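Structural overview
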Amino acid sequence: MGDSQYSFSLTTFSPSGKLVQIEHALTAVGSGQTSLGIKAANGVVIATEKKLPSILVDETSVQKIQILTPNIGVVYSGMGPDSRVLVRKSRKQAEQYNRLYKEAIPVTQLVRETAAVMQEFTQSGGVRPFGVSLLVAGYDDKGPQLYQVDPSGSYFSWKASAMGKNVSNAKTFLEKRYTDDMELDDAVHTAILTLKEGFEGQISGKNIEIGIIGADKQFRVLTPAEIEDYLQEVE
Amino acid sequence: MSRGSGGGYDRHITIFSPEGRLFQVEYAFKAVKAAGVTSIGVRGKDSVCVVTQKKVPDKLLDPSSITHLFAVTKYLGLVATGTTADARTLVQQARNEAAEFRHKYGYEMPADTLARWIADKSQVYTQHAYMRPLGVVAMVLGIDDEVGPQLFKCDPAGHFFGHKATSAGLKEQEAINFLEKKMKNDPAFTYEETVQTAISALQSVLQEDLKATEIEVGVVVKGNPIFRALSTDEIDEHLTAISERD
């Protein structure tokens, strides 16, 4: 991985030891739409705002939350086109693991490989870092898991996390509301309330997306109708 | 302490600026506007129509060699708004990709798949320094077997969305405002309404009555999903219908 004319890295150290391109990438993430994830005792929920540039856009053609394997889903904050690249690479890595070992890839391993790709783009020649942070939600033999991966390629496991525009308010809200013994349904309600905190305009099933995975280990994205039901319960 | 503007290169290649922006991508959007042409696309109940300006800058030019409307396959149309040279490259690659798809998978490439492919290629140019982003916004139209008429727009940043109606180019924002009003209550336009909405949107934002030789119109219709460009006579019929209606 290195582009022919550019055999030198574009991300280089500043005199103070910082990798400024990565910092700028994080700024790009911070100006993206808010997204968050919550790990419950029996599952994980991830959610995001889905604000489209115009009412002329067909919202059924857009899905921000993507499925990587039947039991792992992902949401991003930041640059949409960059996230598509990572989703494609992750899906391929998961499938290659499956082909080799004849079993589903553990969540930690998929996260590690995705993070490695993101790190490559901070060091390889002629490329810039990805302008996205990812929240990966999965359920495997180790139980429900939530990981956040940043443009630098560093990743951590979280009980609950948020990214994007409203990150500080959202995290404060989550810190107050999170309990270790939360059930998945409670987590979905909390996720909705957290999104509502910083939401400009009227929240509805059409301008947010929610993905859940429970003990059945099947990741799925909720339909707008299902989101409306949860919204009414929250009222 | 953060160094500043990336050594001044953030305006020359696609690396991040301190605010987390990609200046080269933003400049590519400006190049699309600089071409001075506006295009409009409208999706109806069972048809899709695209209209684009046909500006012939010199009387000595052969007008038939100037076009922004391209057939990628028999069934998929593409309107490329922006730098002509970049548009030709994009169309050439898209045609190749669509043909390979048909050969490899045994069925016609759907509009959304082509749009995604174009968008993914554009994203690569925003991340790799060796190629600049293309100064083109592409609108892809076709009739999908399962979901019906489709209109997608792909931009230099690598975004792509499905649209009920959209616009690109110099008067993009004015056209979108016009179309938002028309499409507010999710109307299900017939073929004639679709074409006339698209043409009258262009007339409205350019604030002049158009002649049939000054615009290009492309359509796909459900019953006969072949992409075709309307002839000057057919365009004239629609223009007459619009002026009689008003």
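For the structure given in this document, a descriptive report is provided here.

Cut-offs applied
- Residues numbered from 1 in each chain as written.
- Chains lettered and ligands numbered in written order.
- Predicted model: local features only at pLDDT ≥ 70, side-chain atom pairs only at ≥ 80, totals over all residues.
- Heavy atoms only, no water.
- Helix = DSSP H or I, 4+ residues; strand = E, 2+ residues; numbered from the N terminus.
- Rg over C-alpha atoms; globule rule 2.2 N^0.38 Å.
- Buried < 20%, exposed > 50% of the residue type's maximum accessible area, 1.4 Å probe, protein only.
- Contact = heavy atoms within 4.5 Å.
- Areas by Shrake-Rupley, 256 points an atom, 1.4 Å probe, with all protein chains shown as cover.
- Lys, Arg positive; Asp, Glu negative; His and termini not counted.
- Charge placed at Lys NZ, Arg CZ, Asp CG, Glu CD.
- Phe/Tyr/Trp six-rings, centres within 6.5 Å; stacked < 30°, edge-to-face > 60°.
- Lys NZ or Arg CZ within 6 Å of the ring centre and 35° of its normal.
- Pairing = 2+ DSSP bridges.
- Axes fitted to C-alpha atoms, helices over the stretch in contact; angles between N-to-C directions.
- Salt bridge = Lys/Arg side-chain N within 4 Å of Asp/Glu carboxyl O.
- Buried area = accessible area lost by both parts, 1.4 Å probe.
- Parallel < 35°, antiparallel > 145°, perpendicular 65-115°, else oblique.
- Nonpolar A, V, L, I, M, F, W, Y, C, P; charged D, E, K, R; others polar.

**Some details on the overall build of chain B**
Regarding its fold elements, chain B presents six helices and ten strands. What you see for chain B is a C-alpha radius of gyration of 19 Å, in line with the 18 Å of a compact globule of 246 residues. Seen along its three principal axes, the alpha-carbon backbone of chain B occupies a region of about 65 × 45 × 45 Å. A burial count over chain B gives 53% of its 246 residues as buried. Once local pairs closer than 6 in sequence are excluded, the contacts in chain B between residues at least 24 apart make up 62%. Only carbon and sulfur atoms are counted for the fraction: they give 50% of the accessible area of chain B, which is about 11,600 Å². Charge-centre separation for chain B: the mean point of 28 positive side chains lies 5 Å from the mean point of 32 negative side chains.

**A short note on the packing of aromatic side chains**
To describe a pair of aromatic rings, one takes the distance between the centres and the angle between the planes. Inspection of every chain in the model, using the stated rule, returns eight aromatic pairs over all chains. Between Tyr6(A) and Phe8(A), the aromatic rings sit 5.4 Å apart at their centres with planes inclined by 50 degrees, giving tilted as the arrangement. In this structure an aromatic cluster arises from ring pairing among Phe101(B), Tyr105(B) and Tyr107(B). Cation over ring: Lys64(A) sits above Tyr76(A), and NZ or CZ is 5.3 Å from the ring centre. Positioned above the aromatic ring of Phe23(B), the side-chain terminus of Arg11(B) is 4.0 Å from the ring centre.

**So, the sheet that holds strand β2 (residues 47-53) of chain B**
All names here are of chain B. The strand order across the open sheet formed by five strands is β8-β1-β2-β9-β10, and the pairing between neighbours is antiparallel. What marks the edges here is a single partner per strand, and that holds for β8 (165-169) and β10 (224-229). Each neighbouring strand pair of the sheet contributes to a mean axis angle of 10 degrees, computed without reference to strand direction.

**Re the pattern of salt bridges**
Within the structure shown, the criterion is met by 18 salt bridges over all chains. Lys51(A) is the partner of Glu49(A) in a salt bridge, and the nearest nitrogen-oxygen pair spans 3.8 Å. By relative accessible area, Glu49(A) is classed as buried at 6%. Of the residues examined, Lys51(A) reaches a relative accessible area of 31% and is grouped as partly exposed. In this structure, Lys33(B) engages Glu172(B) in a salt bridge whose closest nitrogen and oxygen atoms are separated by 3.9 Å. Here the residue Lys33(B) occupies a position in helix α1 (residues 23-34), and Glu172(B) occupies one in helix α4 (residues 172-182), the gap between them amounting to 139 residues. The exposure class assigned to Glu172(B) is partly exposed, which follows from its relative accessible area of 22%. Each of the salt bridges in this network shares a partner with another, and the network as a whole consists of Arg84(A), Arg88(A) and Asp120(B).

**Section: the interface of chain A and chain B**
In this complex, chain A contributes 39 residues to the contact, which on the side of chain B involves 38 residues. Summing both sides of the interface, chain A and chain B together bury roughly 3,100 Å²; the carbon and sulfur share of this comes to 59%. When residues of chain A are sorted by the area they lose upon contact with chain B, Leu56(A), Arg84(A) and Arg128(A) head the list and together hold 24% of the total. Applying the counting criterion to the chain A and chain B interface returns three salt bridges.

**Points about the packing of helix α5 (residues 191-206) of chain B against helix α6 (residues 232-245) of chain B**
Residue and element names in this part refer to chain B. Remark: α5 packs on α6, axes separated minimally by 10 Å, with the N-to-C direction vectors making an angle of 75 degrees. Relative to α6, the element α5 lies roughly perpendicular. Across the interface between the two elements, Tyr191, Val195, Gln196, Ile199, Ser200 and Gln203 from α5 touch His238, Leu239, Ala241, Ile242 and Arg245 from α6. Grouping the amino acids of the contact of α5 with α6 by side-chain chemistry returns six nonpolar, four polar and one charged.

**Things to note about unusual backbone geometry**
With a phi close to 60 degrees, Lys217(A) is a non-glycine residue in the positive phi region. Along the chain, the position of Lys217(A) falls in the loop between β9 (208-213) and β10 (220-221). Residues other than glycine seldom take positive phi values, yet Asp186(B) does so here, at roughly 55 degrees. Relative to the assigned elements, Asp186(B) resides in the loop between α4 and α5.

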